[in-house]
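Residue-level structural notes
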Amino acid sequence: MKIHNSKKNLFLALAACAALALSACSDDNAAGSADAESDNPNSITMSWPRDIGPMNPHVYNPSQLITQSMIYEPLVSYEEGGEVKPHLAESWTVSEDGREYTFKLREGVKFTDGSSLTSQVVKKNFDAVLANKNSHSWLGVINVLDKIEVVDELTFKMVLTQAYYPALQDLAVVRPVRMLGEAGFPEDGDTSKGITEPVGTGPWVLDEYKTDEYAVFKRNPDYWGESPELEEVTIKIIPDAETRVLAFEKGELDLIYGEGVVSMDSFNYLKETGEYTTDLSDPVATRTMLVNSTSEKLSDLNVRLALHHGFDKQAMVEGITLGLEEKADSILSSNFPYAQEDIEAIEYDVEKAASYLDEAGWKLESGGAIREKDGQPLELELIYDKTDPIQKAMAETLQAEWSAIGVKLNIAGLELTEQIERRKAGNFDLDFWYNYGAPYDPHSMINVVAEDGWGVAEAHSNLPMKTELDEQVREALASTDETKRQELYGTILTTLQEQSVFIPISYMKKTVAYQNNIESFEFPANRDEHPFNDISVSK
Amino acid sequence: MVIYLIKRLFAVVPIILFAIFLMFVLVRLSPVDPAQAYLAASNIHPTEELLAEKRQEFGLDRPLIVQYFQTVADIVRFDFGNSYVTNTPVWQEITTRLPATLQLALSSILVAIIVSVPLGFLSAVYKNSWLDHFSRLLSYLGASIPQFWLGYVLIFFFAVKLDLFPVEGRGTWQHFVLPSITLSLALIAIYTRLLRASVLEELEEAYVLYGRTRGLKEKGIMAKHVLRISISPMLTGLGMNLGKLLTGTIIVEQVFSWPGFGRFFIEAIFNRDIPVIQSYVVLAACLFIVCNLIVDIIQLYLDPRISREGRAQF
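Residues numbered from 1 in each chain as written. Chains lettered and ligands numbered in written order. Predicted model: local features only at pLDDT ≥ 70, side-chain atom pairs only at ≥ 80, totals over all residues. Heavy atoms only, no water.

Basically, it comes down to this: UniProt positions are given in the numbering used here, feature names are shortened, and annotations may be inferred rather than shown by experiment.
In the annotation of an unreviewed UniProt entry, the entry for chain B reads Nickel import system permease protein NikB, and the organism field reads Planococcus rifietoensis. Per UniProt, chain B carries the Subunit (unreviewed entry) text "The complex is composed of two ATP-binding proteins (NikD and NikE), two transmembrane proteins (NikB and NikC) and a solute-binding protein (NikA)." UniProt, in its Subcellular location (unreviewed entry) section for chain B, records the words "Cell membrane".

The name given to chain A in an unreviewed UniProt entry is Nickel ABC transporter substrate-binding protein, with the source organism recorded as Planococcus rifietoensis. The Sequence similarities (unreviewed entry) comment attached to chain A in UniProt states, word for word, "Belongs to the bacterial solute-binding protein 5 family." Among the UniProt annotations of chain A, the heading Subcellular location (unreviewed entry) holds the following wording: "Cell membrane".

**Quick word on the overall build of chain A**
Stated precisely, the cut-off is as follows: Numbering goes from the N terminus for both helices and strands, where a helix is a DSSP run of H or I of at least four residues and a strand is a run of E of at least two. Note on contacts: a residue pair qualifies if any of its non-hydrogen atoms lie within 4.5 Å across the two residues. Here the accessible surface of atoms and residues is derived via Shrake-Rupley with a 1.4 Å probe, and residues count as covered only by protein chains that are part of the display. Neither His nor the chain termini are counted; the positive set is Lys and Arg, and the negative set is Asp and Glu. We put the charge of a Lys on NZ, of an Arg on CZ, of an Asp on CG and of a Glu on CD.
Helix and strand counts for chain A stand at 16 helices and 21 strands. Principal-axis analysis of the C-alpha atoms places the extent of chain A at approximately 85 × 80 × 55 Å. The long-range fraction of contacts in chain A, counting pairs at least 24 apart against all pairs at least 6 apart in sequence, stands at 68%. Carbon and sulfur atoms form 47% of the exposed surface of chain A, whose accessible area is close to 21600 Å². Charge-centre separation for chain A: the mean point of 47 positive side chains lies 5 Å from the mean point of 93 negative side chains.

**Some remarks on the environment of T88 of chain B**
Note that T88 of chain B resides in the loop between α4 (64–76) and α5 (90–125). When sequence neighbours within four positions are dropped, the list of residues in contact with T88 of chain B reads G81, N82, S83 and E93 of chain B.

**Topic: the UniProt feature "transmembrane region" (unreviewed entry) in chain B**
Residue and element names in this part refer to chain B. The positions UniProt marks with the feature "transmembrane region" (unreviewed entry) are residues 9–29, 104–125, 137–160, 172–191 and 280–302. The distance from the first to the last C-alpha atom of residues 9–29 is 31 Å, and the span holds 100% helix and 0% strand. Here residues 172–191 runs as 90% helix and 0% strand, with 28 Å between its end C-alpha atoms.

**Looking at the interface of chain A and chain B**
Here is the rule: By buried area we mean how much accessible surface two parts lose on assembly, using a 1.4 Å probe and totalling the loss over both. Each salt bridge in this description consists of a side-chain nitrogen of Lys or Arg and a carboxyl oxygen of Asp or Glu lying within 4 Å of one another. Pairing of N or O atoms within 3.5 Å defines a polar contact, subject to two protein rules: one partner must be a possible hydrogen donor and the other a possible acceptor, and residues neighboring in sequence count only if both atoms are side-chain atoms. Only Asp, Glu, Lys and Arg are considered charged, only Ala, Val, Leu, Ile, Met, Phe, Trp, Tyr, Cys and Pro nonpolar, and every remaining residue, Gly among them, polar.
Of the residues lining the interface, 51 residues belong to chain A; the matching set on chain B comes to 55 residues. Buried surface at the junction of chain A and chain B, both sides included, amounts to about 4600 Å², of which 57% is carbon and sulfur. One can count 6 salt bridges joining chain A with chain B. Among the salt bridges present, the one from D163 of chain B reaches K250 of chain A, with a minimum N-O distance of 3.1 Å. Where chain A packs against chain B, one counts 12 residue pairs in polar contact (both at pLDDT 80 or more). Counting residues per element, the ones that place at least two in the side of chain A that touches chain B are α1 (2–27), β10 (232–237), α6 (241–250) and α12 (416–425) of chain A. Considering each element in turn, the side of chain A that touches chain B owes the most residues, 12 residues, to α1 of chain A. Looking at the side of chain A that touches chain B residue by residue, the class counts come to 19 nonpolar, 14 polar and 18 charged.

**Concerning the pairing of strand β16 (residues 379–385) of chain A**
All names here are of chain A. Heads up, the rule is: Only protein chains enter the calculation, and the probe is 1.4 Å; a residue is then buried if its accessible area is under 20% of its type maximum, exposed if over 50%, and partly exposed in between. Between any two strands, pairing holds if DSSP finds at least two bridges. Viewed with both strands pointing away, a crossover whose connecting path from the first strand over the helix to the second turns clockwise is right-handed.
Within β16, 5 of the 7 residues are buried, which leaves the element mostly enclosed by the surrounding structure. Bridge count between β16 and strand β17 (residues 408–414): 7 bridges; the pairing is parallel. Paired with E381 across the two strands is N410, which belongs to β17. For the crossover from β16 across helix α11 (residues 389–403) to β17, the handedness is right-handed. As paired elements, β16 and strand β18 (residues 430–434) share 2 bridges and run parallel to each other. Considered in β18, the bridge of L382 is made with L430.

**Quick notes on unusual backbone geometry**
Residue and element names in this part refer to chain A. In this model, A438 is joined to P439 through a cis peptide bond whose omega is 0°. Residue placement: P439 occurs in the loop between β18 and α13 (443–450). The residue after D441, namely P442, is reached through a cis peptide bond having omega 5°. With respect to the helices and strands, P442 occurs in the loop between β18 and α13. One non-glycine residue, L322, lies in positive phi territory at about 50°. Structurally, the position occupied by L322 is in the loop between α9 (313–321) and β13 (326–327). In this structure L322 comes out as partly exposed when scored by relative accessible area, which is 33%.

Printed below as a string of C-alpha cells:
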C-alpha cells in the first residue's frame, strides 16, 4: 500500500510539473503576436527574415540594416544616380587638398531622448567607431579618418590622412557612421559591446519589440524633417520565404520587400494572380564571375575571352532568374555614377569562343569532347556557395554551355566561409562575385581591384597592366578633379572588361509585392535604406 | 527505488561528457573557421589581424586539448559563455527561447496522446473495422509526409483558404493548432501502431481469457488490465521521442515562425556560433537522458512485470 502511494505521489508530482511548465509557457505570451496586428488603419505590416537585433548603429550582425536606417540618420544622404545630398549636415566644404571636410550641422535636430544634435555628439560617435577601427576597415573613409575636431556647437571638421573622394558617399552608409544620441552610449563610451538604448534622430522610434516575433515602430513626433505619412510600421519576423508568401496572401502582411526575400517562383506567382502590385527596383548590384588570371590555364587572355563568349547569358538569366534579374554586359550598371555607356559588350558567340581557344593552342581532337594542349585537358573549377540556389543553377548551366566549346567545368559547392577562404587564398579558377551596390559603388569595387586582402586584386595580379591599373585606381580614389576621375573610371572599367577578369552575368534587383491599399511605394536609392517614408495607405 | 535513481543519475555524467566530446570534435572537423564565420556573418572584411584577434578573443588560438578541458570545466560550472554573434550570455538566449519550444513540444505530445491512445486501442479491439483501416491510413501518412510540407499544406488550407487560424507567430491558442498538428502527426503514426500491436498481443494472453471466464466485465478487463499493460511500449517510445521532439521542432519553428530555440540554433550553425552549438548539444543530451529516466520510472509503476531489482542492475 505504501509503495503504491509513493508511486501515486510521483505521478502526481510529474503531472504537476507538466501543468506548471505549460502554464508558465502560456503566461509569458499573454501579450502575444496577435497584438502586433494593429487596428490603426494608417499602418502597415511587413516581414523580415531575421530578428531586428539590438539596433546598435556602430556594429553589424545581428542588427539589421533596415531597422537601423529607420532609427539612425546619416550626415549626408545618397540619392538617385549617386548624388549626395545634405541630411543631418546642412552644408560642407572640402579643403583644396581634399583632406579636410568642414560640416555645418542642421539646427534644431533633436534625438528621441530630447537632447540636441551637436558637434560633440558627432565626435563622440566617430570616436566610438575609431576605437574599433579594425572592425570597420572595409569602409574607406574610416580607414583614412584621422580625427574629428569640434569647431563650434554646430560645426565640426573631419580630418583625413589622405585625400579620398568617396568620403561623402561613405558617410551615407547605414553602419557604422550614423548618429547615436548621448543617452544611448554606455558609461565608458565604447559602443562595440552594446548600447543602452536605441536613441536616434530618425523618423521612426521603436515602440514595442519581442525578440524573434515582431517589432512595432511609431512615427517620431518630434522629427525635424518631413514626417512620414504612415503612423506605424510593424515588422514581423518570418524566417521562411514560403510562409511569408502565405501570410501575405492571407493579408497578414501588407508588404514583402527586399532582396531574395521570396523565391523567384513565388514572386512571379504573386505577379500573375493580378491581385497585388509587384515591382522590381533598378539594378542594386552585379552578379559577376571572378576569373583567376593567376591560374595557369586562365592566365591566357584568349581562354578568358572564350569563356566570356561561350555561354548564352540572356537565356541563362531568363531561365534561372525568371526574368527577375537583367542580363549584364558591363560590371557597373548605368544607374551608378561613373558607369560607362560605351563599354563594348562581349556577346554570345560560340564560333568566336572556339577560335579563341584554337588560337590559344587548346585543340579538339577528332572524336574528343575536351580540348587538350600538350596532353593536358582544358579542365577548370568553379566554386560556388552551396546554399545559394541561383549560383548552383548557374554553375550547372555553365558546365553544360562550356562543354559545347570543349571546356570541362568541375563545379564545387562550398560553405560561404570556405568559398571566401579559397577566394582569398587564390585557390580557384572561377568564382561568383558581387559588387557592393549603392552607396558603396563604384569606389568600393575598384578599391578591391587594387587592394590585396579580398582575393580580387590577387586574382587579377597576372594582368600585364596590373601596376598601371592599381595606380589608376589609387589616383581615382584620391582625385579631387571630377573630369580626371571620370576618365580614370573609364580606363579602369574598360581594362577589366577587355581583360575579362570579371564576367558580368546579371544585374540583381530588389523585389516588392504589396496589397492594393498601399500607395506611392518607391525603392530607396541607397540599397540598405528602408522604404517607409514614402509609403501611404488608402483609407 | 532511491538507489536505482541515484545510480541512473550517476550514469548521466559519462554520457554528457561523451556528448561534449563528440560535439567538440565535430565542430572542429568542419573546414570552417569560427572566427571567419563570425566576421562573414557580420559583413566585416576578414583581414589576417582581425581574424587573429577574434581567434584569441574566442580562445580558439589555444591548443585543442586546453580548449576541450576549458569547455568541460565551463559547462560543469554552468557557464555556457557568450554567443559570438549577439554577445549575450547563451544561458539568457536559451531561457528566452526555450519556453516557446517546450510549449510547442508539450502541446504536440498532448495531441499525439489524445489521438493515438483511443485510436490505437480501438483499432486493435475492432481489428479490420473501418476505424482500423483509418488508423492504418493515418499512420501511413504520418510516417511518410515530410513535416515542412505538411506545415505548408495546413497553412494553405486552414489559414489562407478557410481563414480559421493564423499563418504564423505565437500568442493565442489558435497559433498552436497548426504547428501542433504538424509536429504530432508523425508521433501519432508511431504510437497508434505501437499501441495497436501491443494490445493485440495482450489480447492473446491467458489472463484475458481467465478474466473472461471469471465473468469480469469486458470493459473492465480492457481498461484495467490490457490497456494498462500494453501502454508500456508506447511510453518507451514517448520517452525516446520527447527529446527528439524538442530537437525536432526546428523545422516546424521555421515554417510557422515560432520564436523557439530551434530557429536560433539553425542560425548558430550557419554562423559557427560555438558557445550556442555546444550549449544546445549539452541541453539536448540532458533532455534525452531525463526523458528516458522519467519513462523508466513510469514504466516501473505501470507494469509490475518489470522488477525494480532487475532494472537496477542495468
